[in-house]
Amino acid sequence: MIEKLFLTLATLALLHAAYSTYEHLSLLKALGKPEGSLPLDIVYESILALILGLLGASLNAPPLKDITWASEMKKRTIDGMDSRLGFAHYKSRGKFLFASPHDAKI
């Protein structure tokens, strides 16, 4: 429950920081000062939104799964894992494909 609250707060804080940035840049443009840095409260709000978003996403993630061979074999049988061909055939048809027409034998 708390993770969804963190994600919601992070989204709202980031949207508010974006709107505040837009308003600040509009004010600078209206005053004829196109260059200027963002106020620190907008920067702090963006950083807080980032931290809340990371924390909410980390808490909202499902638990990690075991990736060992033993845990995989608990879900499968040996017959399912060893159901492959008993031999491999490495004979190539390259000599027929790349040979000159009068050398190729069928």
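Let me sum up the structure you'll find in this document. (Residues numbered from 1 in each chain as written. Predicted model: local features only at pLDDT ≥ 70, side-chain atom pairs only at ≥ 80, totals over all residues. Heavy atoms only, no water.)

1. What about the overall build of the protein chain?
The helix and strand inventory of the protein chain stands at 5 helices and 0 strands. Scanning the protein chain from its N terminus toward the C terminus, one meets helices and strands in the order α-α-α-α-α. Taken over 106 residues, the protein chain has a buried fraction of 15%. Sequence separation of at least 24 residues holds for 67% of the intrachain contacts in the protein chain that already meet a minimum separation of 6. Only carbon and sulfur atoms are counted for the fraction: they give 67% of the accessible area of the protein chain, which is about 9,700 Å². (Helix = DSSP H or I, 4+ residues; strand = E, 2+ residues; numbered from the N terminus. Buried < 20%, exposed > 50% of the residue type's maximum accessible area, 1.4 Å probe, protein only. Contact = heavy atoms within 4.5 Å. Areas by Shrake-Rupley, 256 points an atom, 1.4 Å probe, with all protein chains shown as cover.)

2. Considering the packing of helix α1 (residues 2–31) against helix α2 (residues 40–60)
Relative orientation of the contacting elements α1 and α2 amounts to 155°, with a least axis distance of 8 Å. Judged on the interaxial angle alone, α2 and α1 are roughly antiparallel. For α1 against α2, the interelement crossing comes out left-handed. Looking at the contact of α1 with α2 residue by residue, the class counts come to 14 nonpolar, 8 polar and 3 charged. (Axes fitted to C-alpha atoms, helices over the stretch in contact; angles between N-to-C directions. Parallel < 35°, antiparallel > 145°, perpendicular 65-115°, else oblique. Left-handed = near helix turned anticlockwise from the far one by under 90°. Nonpolar A, V, L, I, M, F, W, Y, C, P; charged D, E, K, R; others polar.)

3. Considering α2
The terminal C-alpha atoms of α2 lie 30 Å apart, and with 21 residues this matches the ideal 30 Å at 1.5 Å per residue to within 8%. Regarding α2, the residues found buried are I42, E45, A49, L52, G53 and G56. Taken end-on, α2 shows its buried residues confined to a sector of 105°, consistent with a single buried face. Away from its buried face by more than 90 degrees, α2 exposes L40, Y44, L50, L54 and S58. (Expected span 1.5 Å × (residues − 1). Arc of directions from axis to C-beta.)

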